[in-house]
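One letter stands for each residue in the lines below.
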Amino acid sequence: RMLCSTSVIKKIEYSPQSIEYSTYDGTSHEEFRLTSKPESIILGENRLPEKSATPDDGSGWTWKALDKGGVLRVWHKNADKVTIRL
């Protein structure tokens, strides 16, 4: 589930295979608590790269594993539609 966002969330849909959401601002940062690492993150029609730390260029995602599941952090710019494939 979403923990926080630096933008207003206009819409969010949860399904067993994905989480799809859109933000008010094109540039934003969101955090999620998930049961497992996602397969991929899609921004608009482009795949976001996984990073080892906060991305310098403002786009990407990181995964911090916990005892059960983990925390996903997503950074994006110039697009407001994000799909997390689980």
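Further up the page is the structure itself.
Our subject in this report is the structure included herewith.

Definitions and limits used
Residues numbered from 1 in each chain as written. Predicted model: local features only at pLDDT ≥ 70, side-chain atom pairs only at ≥ 80, totals over all residues. Heavy atoms only, no water. Helix = DSSP H or I, 4+ residues; strand = E, 2+ residues; numbered from the N terminus. Rg over C-alpha atoms; globule rule 2.2 N^0.38 Å. Buried < 20%, exposed > 50% of the residue type's maximum accessible area, 1.4 Å probe, protein only. Contact = heavy atoms within 4.5 Å. Polar contact = N/O pair within 3.5 Å; in protein donor to acceptor, adjacent residues only side chain to side chain. Salt bridge = Lys/Arg side-chain N within 4 Å of Asp/Glu carboxyl O. Pairing = 2+ DSSP bridges. Axes fitted to C-alpha atoms, helices over the stretch in contact; angles between N-to-C directions.

Along the backbone of the chain there are zero helices and nine strands. Ordered by position from N to C terminus, the α and β elements of the chain give β-β-β-β-β-β-β-β-β. Expected size for 86 residues packed as a compact globule is a radius of gyration near 12 Å; at 12 Å, the chain falls within 12% of this value. Counting only C-alpha atoms, the chain reaches 35 × 30 × 20 Å along its principal axes. A buried classification covers 40% of the 86 residues belonging to the chain.

Looking at the element boundaries, arginine 33 is found in strand β4 (residues 28–34). Sequence separation between arginine 33 and glycine 69 is 36 residues, and the spatial gap between their C-alpha atoms is 7.4 Å. Discounting chain neighbours no more than four positions away, the residues touching arginine 33 are Arg1, Leu3, Leu66, Lys68, Gly69, Gly70 and Val71. Only 2.7 Å separates the side chain of arginine 33 from the backbone oxygen of lysine 68, close enough to count as a polar contact.

Here histidine 29 is to be found in strand β4. Residue histidine 29 is classed as buried on the basis of its relative accessible area, which comes to 17%. Ignoring anything within four residues of it in the chain, the contact list for histidine 29 reads Cys4, Ser5, Thr6, Arg73, Val74 and Trp75.

What follows deals with the pattern of salt bridges. Counted by the stated rule, this structure contains four salt bridges. Put simply, glutamate 13 and lysine 11 hold a salt bridge, and the shortest N to O gap is 3.4 Å. For glutamate 50, the salt bridge is made with lysine 37, and the minimal N-O distance between the two is 3.0 Å. With a gap of 13 residues between them, glutamate 50 in the loop between β6 (46–47) and β7 (60–65) and lysine 37 in the loop between β4 and β5 (40–43) connect regions that are remote in the sequence. Overall, glutamate 50 belongs to the partly exposed group, its relative accessible area being 41%.

Sheet strands associate in pairs through backbone hydrogen bonding, adopting either a parallel or an antiparallel arrangement. Pairing is antiparallel in the open sheet, where four strands are placed in the order β1-β4-β8-β7. Sheet topology places β1 (2–5) and β7 at the edges, where each strand pairs with a single neighbour. Between one strand axis and the next, the sheet turns by 15° as a mean value, whatever way the strands run.

By themselves, these figures tell us nothing about what the structure is for.
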